[in-house]
Amino acid sequence: MNIIGKIIKTNETAYIRIIELCKEFRYLPQWFVLLSDLIIVFISFTLTYFICYNLYDLTVITVPFLVKASVHFFFTLFFFYIFKTYKGIIRYSTYRDALRLFLSLCLSHLSLFLLDEIYFYFYQISLFPVKIGFIINFALAFIAIFTVRMFIKVFYDYTRNNPNSSEEEIPMLMYGISSATIELAKLIIRTPNMPYKLTGFLVSDFYAANKRVLNLPVFYVEGSLESLIWEKHIKAMMINPSELDSSIKQKINDQCLRYNVELLSAPSITEKKVRKLRIEELLGRIPIEIDTSSIRDSLDGQCVLVTGAAGSIGSELVRQISNFNPGLLLLCDAAETPIHLLRLELAENFPHLKFSSVICDVRNFQRMEKIFEKYKPKFVYHAAAYKHVPLMEENPSEAILTNVLGTRNVAYLSVKNRAEAFVMISTDKAVNPGNIMGASKRIAEMYVQSISQEMQCQNKQDPSKNYNTRIITTRFGNVLGSNGSVIPRFQEQIEKGGPVTVTHKDIIRYFMTIPEACRLVLEAGNMGKGGEIFVFDMGEPVRIADLAERMIRLSGYRPYIDIDIKFTGLRPGEKLYEELLNDKEHIKPTHNPKIMIGKIREQNFTEVLKQILFLIDRAKESDDIEVIRVIKEIVPEFVSENPHI
């Protein structure tokens, strides 16, 4: 790395710019890695071909050469695909990645050798005129690919640990060079936007001093620690208390206090405790923020009703709405204890908030009607729903009664009582639904769309009716940390020592945090004109297996070594991936790049209402077979992933 430093020192400004560009560039695309590997393989084959033909016979570049090169190319491509050599992130490559590359090239050349032997036996034609050509070709290809990857890895490590990386980083020393400390040091060096810059290590072993680890100097702690702090401009010191004896610990404490050096305690990798995770860490992106001024203007002094207020989304909506000074906040839920706990939280955190708790099931029309007549809410956020896919597969009638009948009751009463806005919380599982829960939410979407269109028709026919309730649907994917979601489940499994269970190795989901989802719900509810389905930009889909691995690492463990991951198979009604729009729907942008409007097919209110009432009657009779049949009539794109339906 010192050689690299000397080379780039001649043009320091250009070098710094290159470093900054490298930091902005996240990962090499898989197709680029595969393509570059295959180009190297082709070049190595060509060189080997010339070597075997004594490096001078240009007439070998003929059709036979191209045919042989193509055969070699496709054999190599096949084994690259089998071993997934292009899947890894090059700058984090390990000996296992090198082993996969080695095995893939070994097997491809062995297969070529066997094929060549068979072909030569019948046609007396060989891939190379000498058999050693296979060994030469293998060596050239492996060494070239390995060298390129090592260069990228070394260059990335250098850019992460160069003196010009950031003027804002805090110079830090780390005590110890144990394996756990080195692993933590690697994480600090490689983590983007890390506030600390590791500049060296301290050791109590005299014989380990004056050496280099991770290309950083190792200092003897019994030397002049004072001058070291002064010369290196050290502003932070990280120690692991379990690795220090009392005298050294006291010396470090004294010097840090004297020279105002921040003393940090390193998390122990071997400690069998799970630290509390910040949900944002799992998404690996900046949390979504919105401009709340217009929302405050809308909700200030108004009566706001939240159904499903004790749930994950509902309770977060309540917390965020509480910041906007509503005149009265109605908490509606059928769950007694969670509502009680939410009341205690609001009383403690928002002492001036006026709120009322209403124990009510949204399926009970008479009870909901009394609530609307008494309070006349201006804004209604409908978050009450059954959401667990496997449970709804077993109880389709209950899914319809809560997700469809409950939505119909709340939406109808919002219009009847002249609410200013009704906002329904939907899900990406409503798109091309593969389960009962998703299908029930799609039917609820169809109803609220149709009632919005019916209001517009009624107003045109009789302007005196003046129905002006804005009916709005918000559709997004999974939320991290919600009740019963994968995050609490994974945390519980990690605390027990594993294994962490994932249904399928390739299953992916769109995720955002609960606060993010609720912010977007509030903004969509404020910007909607009526009849829209707002689709949220969920970012890139997350592979659940990757999420499990990330949680295990953030908890201080190693996936598949300390904590195993087991794949249990897809559950009834579960899809490998979810969608936010189906093939017949399109989107148009809004002023918020994270919120789009789905151009959804129009629904006829009379027809939809007739179908829904018939479906609800079957659900009240608990006729699950008939309920499923009617669901498929209403939602023709519903193709169940459950083999029993």
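Q: Before we go on, may I ask you to explain the overall build of the chain in this structure?
A: For the chain, the count of helices and strands is 22 helices and 21 strands. A buried classification covers 48% of the 645 residues belonging to the chain. Contacts spanning at least 24 positions in sequence make up 77% of the contacts within the chain whose residues lie at least 6 apart. Surface exposure of the chain reaches about 32800 Å², of which carbon and sulfur atoms provide 58%.

Q: Help me understand the packing of helix 17 (residues 436–461) against helix 21 (residues 605–620) in this model?
A: The relative placement of two packed helices comes down to the angle between their axes together with the axis-to-axis distance. Where helix 17 meets helix 21, the axes come as close as 9 Å, and the angle between the chain directions of the two elements is 145 degrees. In terms of crossing hand, the pair formed by helix 17 and helix 21 is left-handed. Contacts from Ile443, Met446, Tyr447, Ser450, Ile451 and Glu454 in helix 17 reach Phe605, Val608, Leu609, Ile612 and Leu615 in helix 21. Residues that form the contact of helix 17 with helix 21 fall into these classes: 9 nonpolar, 1 polar and 1 charged.

Q: So what exactly am I meant to see when it comes to a nonpolar patch on the surface here?
A: Together, Trp31, Phe32, Leu35, Ile39, Phe42, Ile43, Leu47 and Ile51 give the surface a local cluster of nonpolar side chains, amounting to about 770 Å² of exposed area. Of note, Ile39 is situated in helix 3 (residues 30–52).

Q: Would you take a moment to explain the nonpolar core for this structure?
A: Most often, soluble globular proteins keep nonpolar side chains buried together rather than apart. Ranked by internal contacts, the top residues of the largest apolar core, which has 52 residues, are Met368, Ile400, Phe422, Ile443, Tyr447, Leu615 and Ile631. The element contributing the most residues to this core is helix 17, with 10 residues. Not counting the four nearest positions on each side in its chain, Ile400 is found in contact with Leu405, Ser440, Leu615, Ile616, Ala619, Val627 and Ile631. In this structure, Ile321, Ile472, Met512 and Ile595 belong to the second largest nonpolar core, which totals 39 residues.

Q: What am I meant to see in the sheet that holds strand 4 (residues 216–220) here?
A: The pairing of strands in a sheet comes from backbone hydrogen bonds and takes either a parallel or an antiparallel form. Taken together, 6 strands build an open sheet; the order of strands is 3-4-2-1-5-6 and the sheet is mixed. Both outer strands of the open sheet, strand 3 (212–213) and strand 6 (262–265), are each paired with one neighbouring strand and no more. Taken together, the 4 bridges between strand 5 (residues 236–239) and strand 6 define a ladder with parallel strand orientation. What sits directly across from Ile239, in strand 6, is Ser265.

Q: Looking at this model, I keep getting lost on the environment of Ala335. Mind explaining?
A: Structurally, Ala335 can be placed in the loop between strand 8 (328–333) and helix 13 (336–349). Of the residues examined, Ala335 reaches a relative accessible area of 27% and is grouped as partly exposed. Linking Ala335 and Ile359, residues 24 residues apart in sequence, is a C-alpha distance of 7.2 Å.

Q: Is there a simple way to explain the pairing of strand 2 (residues 196–203) in this structure?
A: Across a regular strand the side chains alternate sides, sitting on one face of the sheet and then on the other. Counting buried residues in strand 2 gives 8 out of 8 residues, a clear majority hidden from the surface. Summarising the sheet, strand 1 (residues 170–175) and strand 2 pair through 6 bridges and their orientation is parallel. Paired with Tyr175 across the bridge in strand 2 is Leu202.

Q: Looking at this model, I keep getting lost on the pattern of salt bridges. Mind explaining?
A: A pair can form between side chains of opposite charge whenever their charged atoms are brought close. This model, assessed by the stated rule, comprises 17 salt bridges. When the shortest N-O distance is used, the salt bridge between Asp361 and Arg363 registers 3.7 Å. Taking the relative accessible area as the measure of exposure, Asp361 reaches 33% and is therefore partly exposed. Classification of Arg363 by relative accessible area gives partly exposed; the value is 25%. Of the charged contacts in the structure, one is a salt bridge between Arg629 and Glu626, with a shortest N-O distance of 2.5 Å. Taken together, the positions of Arg629 and Glu626, both in helix 22 (residues 624–634) and 3 residues apart, correspond to about one turn of that helix.

Q: Quick question: what am I supposed to make of the packing of helix 12 (residues 312–322) against helix 13 here?
A: Contact geometry for helix 12 and helix 13: axes closest at 12 Å, N-to-C directions at 20 degrees. With respect to helix 13, the axis of helix 12 lies roughly parallel. As for the relative orientation of helix 12 and helix 13, their crossing is right-handed in sense. Together, Ser315, Val318, Arg319 and Ser322 of helix 12 and Leu342, Glu345 and Leu346 of helix 13 make up the contact between the two elements. Looking at the contact of helix 12 with helix 13, its residues break down into 3 nonpolar, 2 polar and 2 charged.

Q: I'm lost on the confidence of the model for the chain in this one. Help?
A: Do not read the predicted coordinates in detail wherever pLDDT is low. Scored by pLDDT, the chain has a mean of 79; 77% of the residues are at 70 or more. Under a pLDDT of 50 for its full length, residues 1–10 has, in the predicted model, 9 contacts with residues more than four places off or in other chains.

Q: I keep staring at the environment of Pro515 and nothing clicks. Help me out?
A: Position of Pro515 among the secondary structure elements: in helix 19 (residues 514–527). As a C-alpha pair, Pro515 and Leu317 span 198 residues in sequence and 8.1 Å in three-dimensional space. The contacts of Pro515, once residues within four sequence positions are left out, are Glu316 and Gln320.

Reading the values: rules and limits
Going along each chain's sequence as written, the residues are numbered from 1 onward. Where local features are concerned, this predicted model is filtered to residues with pLDDT of at least 70; where side-chain atom pairs are given and counted, the filter is 80 or more; whole-chain, interface and lining totals use all residues. To get the side-chain values, take all heavy atoms of the structure and skip hydrogens and water. Labels follow the DSSP assignment, with helices taken as runs of H or I lasting at least four residues and strands as runs of E lasting at least two, numbered in each case from the N terminus. To sort residues, take the accessible area from a 1.4 Å probe on protein chains only and compare it with the maximum for the residue type: under 20% means buried, over 50% means exposed, and anything in between is partly exposed. Any two residues whose heavy atoms approach within 4.5 Å at even a single point are treated as in contact. Per-residue accessibility takes into account occlusion by the displayed protein chains alone, with areas from the Shrake-Rupley method and a 1.4 Å probe. For helices, the axis comes from a line fit to the C-alpha atoms of the stretch in contact; other axes are also lines fit to C-alpha atoms, and the angle between any two N-to-C directions lies between 0 and 180 degrees. Should the near helix be turned anticlockwise from the far one by less than a right angle, the crossing is left-handed, and should it be turned clockwise, the crossing is right-handed. Three classes are used: nonpolar for Ala, Val, Leu, Ile, Met, Phe, Trp, Tyr, Cys and Pro, charged for Asp, Glu, Lys and Arg, and polar for all others, with Gly counted as polar. Patches draw on residues past 30% relative accessible area with no salt bridge. Two like charges within 9 Å are joined, as are two nonpolar side chains (Val, Leu, Ile, Met, Phe, Trp, Tyr) within 5 Å. Just to be clear on terms, a salt bridge is a Lys or Arg side-chain nitrogen sitting within 4 Å of an Asp or Glu carboxyl oxygen. Definition used in this section: a nonpolar core is a set of buried Ala, Val, Leu, Ile, Met, Phe, Trp, Tyr and Cys residues joined via side-chain atoms within 4.5 Å. Two strands are counted as paired when DSSP detects at least two bridges linking them. Throughout, the term roughly parallel applies to angles under 35 degrees, roughly antiparallel to angles over 145, roughly perpendicular to angles from 65 to 115, and oblique to all others. Each residue gets a pLDDT score, which is the predictor's confidence in that residue and runs from 0 to 100.

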